[in-house]
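# Coordinate analysis (summary)
Here is how the chains run, residue by residue.
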Amino acid sequence: MVLNDLGNKIASALRSLNAHVVVDEELLDACLKDITNALLASDVAVPLVVRMKKNIVREVDLDNMASGMNAKKVLERAVFKELTALLNGGGDASGTKTSGTKTSGTWTPKKGKRNVVMFVGLQGAGKTTTCTKFAHYYAKKGFKPSLVCADTFRAGAFDQLKQNATKAKIPFYGSYTESDPATIAAAGVKRFEEEKSDLIIVDTSGRHKQEEALFEEMREIASVTEPTMTIFVMDSSIGQSASDQAKAFASTVDVGGVIMTKLDGHAKGGGAISAVSETKAPILFIGTGEHIGELEAFETTSFVSKLLGMGDIKGLVEKMNEIVPEESAEKLMEAFGSGTFTMRLLYEQFQNLQNMGPISSIMSMVPGMADMIPKGGEEQGTKRMKSMMVLMDSMTDAELDAPNASKIFNVKRMERVCRGAGRLPSEMITLLEEHKRLGKMMGKMKGIKMPGAGGARGR
Ligand code: GDP
């Protein structure tokens, strides 16, 4: 994904401190330089980078740091906080809130209530496509969504919405003859209120560029439909140049959330993030493809955790709830809680990973596992995982279930396992090292209360 490169660079800058026992001014400066360079290279706006750096320096005040505080930890926390603030639309975690900031909390519609969501954005941003994805997302969650096409500007807009809506089996409303978008929007919302739709989505017109006529139209539609939420749809591939339009939209209507589309592309994502910060509204979803299912709910802390290679336990648990057999999920959660991580558990996780889809996206959610994905990517990662599983296939039950596998293998046993598996000793050593490293991570997480736990599933 677009922002992975940024995450890798920041994570490696932070990791570079691990080689040193004491973090002094010089080291900290070098690390911060790497971090700011990474942000600038990914197109985050200069003033935002300057402000982030200032906030981080203030937080990691080496001179005044209380003794015993770990400078690396403090720095990591400060970077995490700043990135989170940037993505939450505030762009400033220092506490000096900019006016109108609506950063906190994730918005969700209330089931069974009146939820009218107005979509705004420039033509081509992906509004119409995203409206249907959004409806589909909430239909799967048990809502009764409906779609209103108030775009009378673009020829074919109604047909596009109608086609998408029909495919997704979502009720829709629009008109070929009425030319006033506010009239259509009002009639559509009224119709679906009567039909007890609890999520009425209004797709408004776009224009090639922001212009007064469009903004006037948006105001009128807002005044007749009284939306409970206004979502600004932004094309992430246009980078920082989206900043002006984001500002213009946010100052015309009460933008409460942003959906960034086309994050599956290769543009520098930092520019889009800078633009989002102009709206002072949080990112609610990201679009990662043209298909109806390619809309991902956006949770800032999970995203930043993943970005920095720290894993995303919450996302992992959700994904596991969808796919992994209940018994296996519970065992893993127990291991997280107790800090014991056997070879067998590693084997089972590899098995699960194979069923969960692209391994790099899943592995990036597991703390520590992101590092196991070789730079070459997917194919190599899968190969490596399979080779480790073949080695584990040659182990005895006692070895698989030992709480301290790395200590019980002597050279003879290692050779025997390699022979049985037809693998090289170097691969066996890698497996033991990885297992030890993951075990250590589990140890650190000992006692953490797992999200959705109490059983592994919070359902
Ligand atoms: P609108 O003018 O804002 O209503 O934009 P459309 O919904 O018609 O989308 C414009 C183009 O962007 C279409 O070709 C969509 O398929 C494409 N699109 C929308 N969202 C995404 C996305 O997340 N990823 C990709 N790759 N394409 C997208």
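Please read these numbers as outputs of a predicted model, since none were measured by experiment. (Residues numbered from 1 in each chain as written. Predicted model: local features only at pLDDT ≥ 70, side-chain atom pairs only at ≥ 80, totals over all residues.)

### Examining the sheet that holds strand 4 (residues 199-204)
For clarity, the threshold we go by: Strand pairing follows a simple DSSP-based rule, namely that at least 2 bridges must link the two strands. Secondary structure elements are taken from DSSP: a helix is a run of H or I of four residues or more, a strand is a run of E of two residues or more, and numbering for both begins at the N terminus. We call two residues in contact when their backbone-placed C-beta atoms lie within 7 Å. Each axis is a line fitted through C-alpha atoms, taken for helices only over the stretch in contact, and angles between the N-to-C directions span 0 to 180 degrees.
Ordered by their spatial adjacency, eight strands build an open sheet running 3-2-4-1-5-6-7-8, and the pairing between neighbours is mixed. Sheet topology places strand 3 (172-173) and strand 8 (295-297) at the edges, where each strand pairs with a single neighbour. One ladder, built from two bridges, connects strand 2 (residues 145-150) with strand 3; its direction is parallel. By the bridge assignment for strand 3, Val148 is matched with Tyr173. This element, helix 5 (residues 127-140), spans strand 1 (116-120), strand 2, strand 4, strand 5 (229-235), strand 6 (257-261), strand 7 (283-287) and strand 8 of the sheet and lies at about 175° to strand 4. Strands in contact with helix 6 (residues 157-168) are strand 2, strand 3 and strand 4; relative to strand 2, the strand with the most contacts, it is inclined by about 165°.

### With respect to the site of the ligand
Selection criterion: A molecule or strand has a residue near it when that residue's C-beta atom, placed from backbone coordinates, lies within 6 Å of it. Each residue gets one label: Ala, Val, Leu, Ile, Met, Phe, Trp, Tyr, Cys and Pro are nonpolar, Asp, Glu, Lys and Arg are charged, and the others, such as Gly, are polar.
Residues in close proximity to the ligand total 17 residues, the closest being Gly126, Lys127, Thr128, Thr129 and Gly287. In terms of residue count, the dominant contributor to the shell around the ligand is helix 5 (four residues). In the shell around the ligand, the residues fall into one nonpolar, twelve polar and four charged.

### So, the nonpolar core
We apply this condition: Remark: nonpolar core denotes a set of buried Ala, Val, Leu, Ile, Met, Phe, Trp, Tyr and Cys residues whose joining runs through C-beta atoms within 7 Å. For the exposure call, what matters is how many other C-beta atoms sit within 10 Å of a residue's own: 20 or more marks it buried, 12 or fewer exposed, and in between partly exposed, using C-beta atoms placed from the backbone. What counts as a domain boundary in this text is fixed by an automatic or database domain assignment.
In terms of nonpolar packing, the biggest core is built from 85 residues, with Leu147, Val148, Ile201, Val202, Phe232, Met234 and Val258 touching the most fellow members. Summarising the domain contributions, this core has at least three residues from each of domain 1 (4-87) and domain 2 (116-306). What Leu147 contacts, discounting residues up to four positions off in sequence, is Cys131, Thr132, Ala135, Leu161, Ala165, Ile170, Phe172, Ile201 and Asp203. Listed in part, the 15 residues of the second largest apolar core include Phe341, Leu345, Val417 and Leu438.

### Brief notes about the packing of helix 5 against helix 6
Rules: If an angle is under 35 degrees, it is roughly parallel; if it is over 145, roughly antiparallel; if it lies from 65 to 115, roughly perpendicular; otherwise it is oblique. We call a crossing left-handed when the near helix sits turned anticlockwise from the far one by less than a right angle, and right-handed when that turn is clockwise.
Two elements in contact, helix 5 and helix 6, have axes whose closest approach is 10 Å; the angle formed by their N-to-C orientations is 25°. Between helix 5 and helix 6, the interaxial angle falls into the category roughly parallel. The two elements helix 5 and helix 6 meet at a crossing, and its hand is right-handed. Here Thr128, Cys131, Thr132, Ala135 and His136 of helix 5 come into contact with helix 6, specifically with Ala157, Gln160, Leu161, Asn164, Ala165 and Ala168.

### Quick word on the confidence of the model for the protein
Any region with low pLDDT has predicted coordinates that should not be read closely. Inclusion rule: Per-residue confidence from the prediction method is given by pLDDT, with values spanning 0 to 100.
Here the protein averages 80 in pLDDT, and 77% of its residues register 70 or above. Below pLDDT 50 for its whole length, residues 93-104 participates in 19 contacts with residues either more than four positions away or in separate chains. pLDDT under 50 marks residues 449-459. Its contacts with residues more than four places away, or in other chains, come to 21 contacts. Here the predicted complex carries an ipTM of 0.98, next to a pTM of 0.68.

### Considerations on the UniProt feature "domain: SRP54-type proteins GTP-binding" (unreviewed entry) in the protein
This is how the line gets drawn: UniProt positions are given in the numbering used here, feature names are shortened, and annotations may be inferred rather than shown by experiment.
The UniProt entry lists residues 282-295 under the feature "domain: SRP54-type proteins GTP-binding" (unreviewed entry), expressed in the numbering used here. Each end of residues 282-295 is marked by a C-alpha atom, and these two atoms are 16 Å apart; helix forms 0% of the span and strand 43%.

### Description of helix 3 (residues 46-59)
Put simply, the rule reads: A helix is expected to span 1.5 Å for every residue after the first. In this description, one arc is meant: the one made by directions from the helix axis to the C-beta atoms.
The end-to-end C-alpha distance of helix 3 is 20 Å, a good match for the 20 Å that 14 residues give at a rise of 1.5 Å each. Taken together, the buried positions of helix 3 are occupied by Leu48, Val49, Met52, Asn55 and Ile56. All buried residues of helix 3 lie within an arc of 130° about the axis, which places them on one face of the element. Opposite the buried face of helix 3, by more than 90 degrees, sit the exposed residues Val46, Pro47, Val50 and Arg58. Elements that come into contact with the buried residues of helix 3 comprise helix 2 (25-41), helix 4 (71-87) and helix 10 (269-279).

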